[in-house]
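What the coordinates show
Here's the letter readout for the chains.
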Amino acid sequence: MTIQATKFTPEVLLSAPRRSAAVPNSTGTYALYTVSQYSFESHSKTSAIKLLDISSGNSRELFSNLAYSEPTWVSDHEFVFFKGASDDDDKDAAAVSYLMAADIKDPAESLHVVQSFKCAVANLKTKDIGNGTIAVALTAPTSSSGDMLDELNKKEPLSSAKIYSGLFVRHWDSYVSKHRNAVFYGALKKSEKSGKYQLRGSGSGFVNALAGTKLECPVPPFGGSGDYDIGKKGLAFVSTDPDVNPAIWTKTDLYFVPLSTFTEENPPAPQAIKTGTLQGYSGSPAFSHDGNRLAFTRMRHNQYESDKPRLLLVPDVEDLSNVQEFYRTDDGVGNWHLRPDSIVWSNDDKELYVTAEQHGRNLLFKLPSSPLHAQDLPQPITSEGSVSQVSNLASSSSNKEDGRLFISSTSLVDNSSYSILDPSSKDRKLVSSISKEGKTFGLSKSHQFDEFWFQGAGEGDYESHALVMKPSHFDPAKKYPLAFLIHGGPQGAWGDSWSTRWNPAIFAEQGYVVVMPNPTGSTGYGQKYTDDIALDWGGRPYDDLVNCFEHIKTNLSYVDTDNAVALGASYGGYMINWIQGHPLGRKFKALVCHDGIFSTLADWATEELFFVIHDMGGTPWENRALFEKWDPSAHVGEWKTPQLIIHSELDYRLPISEGLAAFNALQSRGVPSKIVIFPDENHWVLKPENSLVWHKEVLGWINKYTGLDTSELASGVEDLSLA
């Protein structure tokens, strides 16, 4: 029986179970994943490690503990995971976190501690390197000596002063610490006597692969397990270049540390992999199954975070001087216009599977694993939704002939699905959908989802793309108010994927037709389309949005464009402030700006200055005219439309002063306005109780001006314990 919500409201969205990607074991029979859930009744969160039977699609709980995370296979029936500090722990305990091991056959009885740590650890990875040995790696903050940070015995300063003589000062939502992250490695082997996994080697624990360097991995603020990989011949990781200013430049390099046993107490110095003229972000290192080859991505531009990643290959890790680029052209542009992201090797190491955005989807592509054989451009082997993680269904050592893939994905109506994909036939079999493909939420993709292309406004003959979400009770003979959503980035895109922050179905179920345009600057439509927003923030993207609105008015008879609202966050918030001072702003009954820029000149208070330098063509003292040209505050004299401002005090990307300035301007002009401030959130509102307030305030504001119901914004929740 499918338990269904009576109405898809913010409370339903935020209290629905959230599953991680699932990872199959070596035989492809089971998969591990975690699921968490927040209760607005108890105001508390629960979390569990679960086991999926891939053949039946049924799951069972192995552990229910909020402190347990990152379950990772070490055999076809055993796994390791992290245990963090919890309220149930002894406050005088000698550890902050633990590496645990268990067996799916009897998890409670087999549970044991492998290693304890005096700091928080993360980003667990394992690799069977033969002879019963499992290489294991993780990341942790370090002390000045290169050891893992001792958080139990660190001394708190008597003063709260923070003193810096270089950048960064702040990054994303915190002040930058002197403690760098590093990758630590070790080797596990099962004791013949006890049957428990133990760390091998004569040392006292894990070894810092970055010791004695100024390197850091993962790269803050968003780096994770995708910043490094382990193979049979060593470890590869991404690090910011310590010789450049990280606030000004995006240069990160890939390094290789040769290891044979993963018990080496004094590892060789990391070796940088040179990539010629490609000097920007590096990412997604992935070893072949035999450990001989290494695939990764790198951008060319060293001051542009949204440059196109190029797909690269080291054919032999014992010769790092030989780096080959897929689809290379003499002009450096490359033949493949999409942006490769994550990389997985096929079981036989003959093919690569790469995710990339295309036309509002995050698809999986297939190509030969050698640039010499990759003559034809990669072809997608999925067509809908957004792939979040890919694994070989069975390991190469278990069944090399089984080329099937295990896919974790989401869509606009489904918050988590697992499926098996045959990359040859493109046949895809659903194993498990937590929301029963949207039915649990009362959503239907075939009934509610649509898309259209409209004429672009810039030079040249091009079209822009928009996604559409309709109410579940949609009747084409009726007219519905318009919710016009503008994405952030600006180099980003709306897509066929799930979100707990900007979920279009939430607006649709209030009674709106939701239109999500991807104007100039959006990703997934070729790199030139993405690049063309630079130096033109309020120009061509704004004109594209005007064209989109006119297209809706002319072609979508079921949309009442005289009863429309517009909402946006980050760059979308900037565009709301820009629209407010221009003719398009008069087309809307109300506006919502989340963490938007009020003044481009004030944006120099951000942390990642390379972003501003690239998109504005220099610094404010080098190119002040362009900063002034695209400054929303210069047009405050035209602000008239009622506007809601939302801003958070831990948003160091766009400081709180931007939201306060916009609200001050609205109030000074007598424009109906409201500001909502979250002192404990960053650029995103993530805490469930805060997120519920966010949704209530946003929906209450727009419903007030469109005449929709505001009385039941958070009702209609049923028991959604479905994982």
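Below: a short report on this structure. Just so it is clear, the structure is predicted and the values come from calculations on it, not from any experiment.

Here's the deal with the nonpolar core
Phe452, Phe484, Val515, Trp537, Ile552, Met575 and Phe588 are the most contacted members of the largest nonpolar core, which has 51 residues in total. The element best represented in this core is helix H7 (residues 571–580), accounting for six residues. Beyond its immediate stretch of four places on either side in the chain, isoleucine 552 contacts Phe452, Leu482, Phe484, Val515, Val559 and Thr561. In terms of nonpolar packing, the next biggest core, distinct from the first, is built from 42 residues, Leu14, Leu412, Ala483 and Phe678 among them.

Some remarks on the sheet that holds strand E40 (residues 673–678)
Spatial ordering of the open sheet is given by E33-E34-E36-E35-E37-E38-E39-E40, a layout of eight strands whose pairing is mixed. Pairing within the sheet leaves two strands with one partner each, and these edge strands are strand E33 (449–455) and E40. Put simply, the sheet's adjacent strands are angled 20° from each other on average, direction ignored. As judged from the six bridges shared by strand E39 (residues 643–648) and E40, these two strands associate in the parallel manner. Bridge pairing in E40 places serine 648 opposite phenylalanine 678. Helix H6 (residues 540–555) contacts E33, strand E34 (463–469), strand E35 (480–486), strand E36 (513–518) and strand E37 (559–569) of the sheet and is inclined by roughly 120° relative to E33.

Some remarks on the state of the cysteines
Here the structure, examined in full by the defined rule, presents zero disulfides. Cysteine 119 provides the cysteine sulfur closest to cysteine 217, a residue in no disulfide bond, and the two sulfurs are 15 Å apart.

So, H7
Counting buried residues in H7 gives 10 out of 10 residues, a clear majority hidden from the surface. Those residues of H7 that fall on the buried side of the exposure criterion are Tyr571, Gly572, Gly573, Tyr574, Met575, Ile576, Asn577, Trp578, Ile579 and Gln580.

Considerations on the packing of aromatic side chains
As enumerated under the stated definition, the model contains 42 aromatic pairs in all. Arranged with centres 6.4 Å apart and planes meeting at 45°, the rings of phenylalanine 326 and tyrosine 327 form a pair that is tilted. For the pair formed by phenylalanine 326 and tyrosine 327, the shared burial category is buried. Between tryptophan 453 and tyrosine 525, the aromatic rings sit 5.9 Å apart at their centres with planes inclined by 85°, giving edge-to-face as the arrangement.

Things to note about the side chain of arginine 361
With respect to the secondary-structure elements, arginine 361 resides in strand E27 (residues 361–368). Within the structure, arginine 361 has its side chain in polar contact with the side chain of glutamate 451 (distance 2.8 Å). With near-sequence residues (within four places) excluded, arginine 361 lies in contact with Ala356, Ser383, Glu384, Gly385, Ser386, Phe449, Glu451, His465 and Asp496.

Looking at the pattern of salt bridges
This model, assessed by the stated rule, comprises 22 salt bridges. A salt bridge links glutamate 318 to lysine 233, with the nearest nitrogen and oxygen atoms 3.5 Å apart. A residue pair is termed long-range when its members are at least 10 positions apart, and glutamate 318 in the loop between strand E23 (310–314) and strand E24 (324–325) and lysine 233 in the loop between strand E17 (228–231) and strand E18 (234–240) qualify at 85 residues. Exposure remark for lysine 233: the relative accessible area of 29% places this residue in the partly exposed category. Bridged by salt links that share partners, the residues Arg361, Glu384, Lys445, Glu451 and Asp496 form one connected network.

Here we look at the sheet that holds strand E19 (residues 252–258)
Pairing in this open sheet of four strands is antiparallel, and the strands run E17-E18-E19-E20 from one edge to the other. Each having just a single partner strand, E17 and strand E20 (271–272) make up the two edges of the open sheet. Alignment of E17 against E18, held across four bridges, turns out to be antiparallel. Pairing of tyrosine 228 across the sheet is with phenylalanine 237, part of E18.

Calculation rules
- Residues numbered from 1 in each chain as written.
- Predicted model: local features only at pLDDT ≥ 70, side-chain atom pairs only at ≥ 80, totals over all residues.
- Heavy atoms only, no water.
- Core = buried A, V, L, I, M, F, W, Y, C linked by side-chain atoms within 4.5 Å.
- Buried < 20%, exposed > 50% of the residue type's maximum accessible area, 1.4 Å probe, protein only.
- Helix = DSSP H or I, 4+ residues; strand = E, 2+ residues; numbered from the N terminus.
- Contact = heavy atoms within 4.5 Å.
- Pairing = 2+ DSSP bridges.
- Axes fitted to C-alpha atoms, helices over the stretch in contact; angles between N-to-C directions.
- Disulfide = S-S within 2.5 Å.
- Phe/Tyr/Trp six-rings, centres within 6.5 Å; stacked < 30°, edge-to-face > 60°.
- Polar contact = N/O pair within 3.5 Å; in protein donor to acceptor, adjacent residues only side chain to side chain.
- Salt bridge = Lys/Arg side-chain N within 4 Å of Asp/Glu carboxyl O.

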